[in-house]
Amino acid sequence: MDDDAQLRAKLRKIEALFARAGTDGEREAAGAALGRIRERLAQAQRTDRVIEIKFTFPDHWARQLFVALCRRYELRPYRYKRQRRTTVMLRAPETFVATILWPEFRALNGALTEYLAAATERIIREEVHRDTAEAEEVDDAPQLE
């Protein structure tokens, strides 16, 4: 199985975990998992307090993933004028964000970060230079005159 296929399988497993699938067959069915999570969101919207939450992301990859995950669950991410591009605002049930959305984002982001780091290192090693180790650490900075 190639790296992309492994990553995709891992992402599907993460989604199934947060959908709380009951059987192996259900875990395989991404559509069913999505439906279960959307049902949990609908239940939370009926019973829980909807709050506005501000998220700040360290890079555009994480922000892009979070926005896509929100849209997958038919939530509407936004930002106010003059807010930084790293900021995403969201109105959603507090318990859904705390128990499903944020933990799932963290798991997916971890998997993608690991994949991107490995791919980046491999490409640099193969196309630029085989030694991708950190720069050596020296004791003191030279005195400039």
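All of the points below concern the structure found in this document. What you see as residue numbers is a count from 1 along each chain, following the sequence as written. The predicted nature of this model means local features are confined to residues of pLDDT at least 70 and side-chain atom pairs, given and counted, to a pLDDT of 80 or more, with totals for whole chains, interfaces and linings taken over all residues. To obtain the side-chain values, all non-hydrogen atoms of the structure were included, while hydrogens and water were left out.

## Details of the overall build of the chain
Reasoning step 1: When helices and strands are counted, the chain shows five helices and two strands.
Reasoning step 2: We call a residue buried when its accessible area falls under 20% of the maximum for its residue type, exposed when it is over 50%, and partly exposed in between, using a 1.4 Å probe and counting protein chains only. Put simply, the chain has 145 residues, and 30% of those count as buried.
Reasoning step 3: Put simply, of all contacts in the chain between residues at least 6 apart along the chain, 64% involve residues at least 24 apart.
Reasoning step 4: In the form shown here, the chain has an accessible surface area of approximately 10600 Å², with 50% of it arising from carbon and sulfur atoms. Under the scheme used here, helices are H or I runs from DSSP no shorter than 4 residues and strands are E runs no shorter than 2 residues, and both carry numbers assigned from the N terminus. We call two residues in contact whenever any of their non-hydrogen atoms come within 4.5 Å of each other. The method behind every accessible area is Shrake-Rupley, applied with a 1.4 Å probe, and residues are considered shielded solely by the protein chains displayed.

## Observations regarding the pattern of salt bridges
Reasoning step 1: In the sections that follow, a salt bridge refers to a side-chain nitrogen of Lys or Arg positioned within 4 Å of a carboxyl oxygen of Asp or Glu. This structure, assessed with the given rule, holds five salt bridges.
Reasoning step 2: A salt bridge links glutamate 104 to arginine 72; its shortest N-O distance comes to 3.9 Å. Within this pair, whereas glutamate 104 is found in helix α5 (residues 94-127), its partner arginine 72 is found in helix α4 (residues 60-72), the two being separated by 32 residues in sequence.
Reasoning step 3: One salt bridge connects glutamate 121 with arginine 125, and the closest N-O pair in it is separated by 3.3 Å. With a gap of four residues between them, glutamate 121 and arginine 125 both fall in helix α5, about one helical turn apart.
Reasoning step 4: You can call arginine 125 partly exposed: its relative accessible area is 35%.

## Describing unusual backbone geometry
Reasoning step 1: For glutamate 74, which is not glycine, the phi torsion reads 60° and is therefore positive.
Reasoning step 2: Inspection of the secondary structure assignment puts glutamate 74 in the loop between α4 and β2 (87-93).
Reasoning step 3: For glutamate 74, a relative accessible area of 61% gives the class exposed.
Reasoning step 4: Phi at arginine 82 is positive, roughly 75°, even though this residue is not glycine.
Reasoning step 5: Among the residues examined, arginine 82 registers a relative accessible area of 82% and is labelled exposed.

## Digging into the environment of leucine 101
Reasoning step 1: Examined against the element boundaries, leucine 101 turns out to sit in helix α5.
Reasoning step 2: Judged by relative accessible area, leucine 101 falls into the buried class, the value being 0%.
Reasoning step 3: Residues leucine 101 and tyrosine 73 lie 28 residues apart in sequence; the distance between their C-alpha atoms is 9.0 Å.
Reasoning step 4: Setting aside anything within four residues of it in sequence, one finds leucine 101 in contact with Phe66, Leu69, Cys70, Tyr73, Leu75, Leu90 and Phe96.

## Some words on the nonpolar core
Reasoning step 1: Put simply, buried Ala, Val, Leu, Ile, Met, Phe, Trp, Tyr and Cys residues joined by side-chain atoms within 4.5 Å make one nonpolar core. Among the nonpolar cores identified, the biggest contains 26 residues, and Phe66, Tyr73, Leu75, Leu90, Phe96 and Leu101 are the most heavily contacted of them.
Reasoning step 2: When contributions to this core are tallied by element, the ones reaching two or more residues are α3 (30-47), β1 (50-56), α4, β2 and α5.
Reasoning step 3: If you tally residues by element for this core, the top one is α5, at seven residues.
Reasoning step 4: Setting aside residues no more than four positions away along its own chain, phenylalanine 66 makes contact with Phe55, Phe57, Val88, Leu90, Leu101, Trp102 and Phe105.

## Here's the deal with the pairing of β1
Reasoning step 1: Burial along β1 is one-sided: the residues Ile51, Ile53 and Phe55 are buried and none of Val50, Glu52, Lys54 and Thr56 is.
Reasoning step 2: By this definition, two strands are paired if DSSP reports at least two bridges between them. Relative to β2, β1 runs antiparallel, the two being bridged by seven bridges. If you follow threonine 56 over to β2, its bridge partner there is threonine 87.

## Focus: the side chain of threonine 87
Reasoning step 1: Residue placement: threonine 87 occurs in strand β2.
Reasoning step 2: Judged by relative accessible area, which is 7%, threonine 87 ranks as buried.
Reasoning step 3: Setting aside its immediate chain neighbours within four residues, threonine 87 contacts Lys54, Phe55, Thr56 and Arg79.

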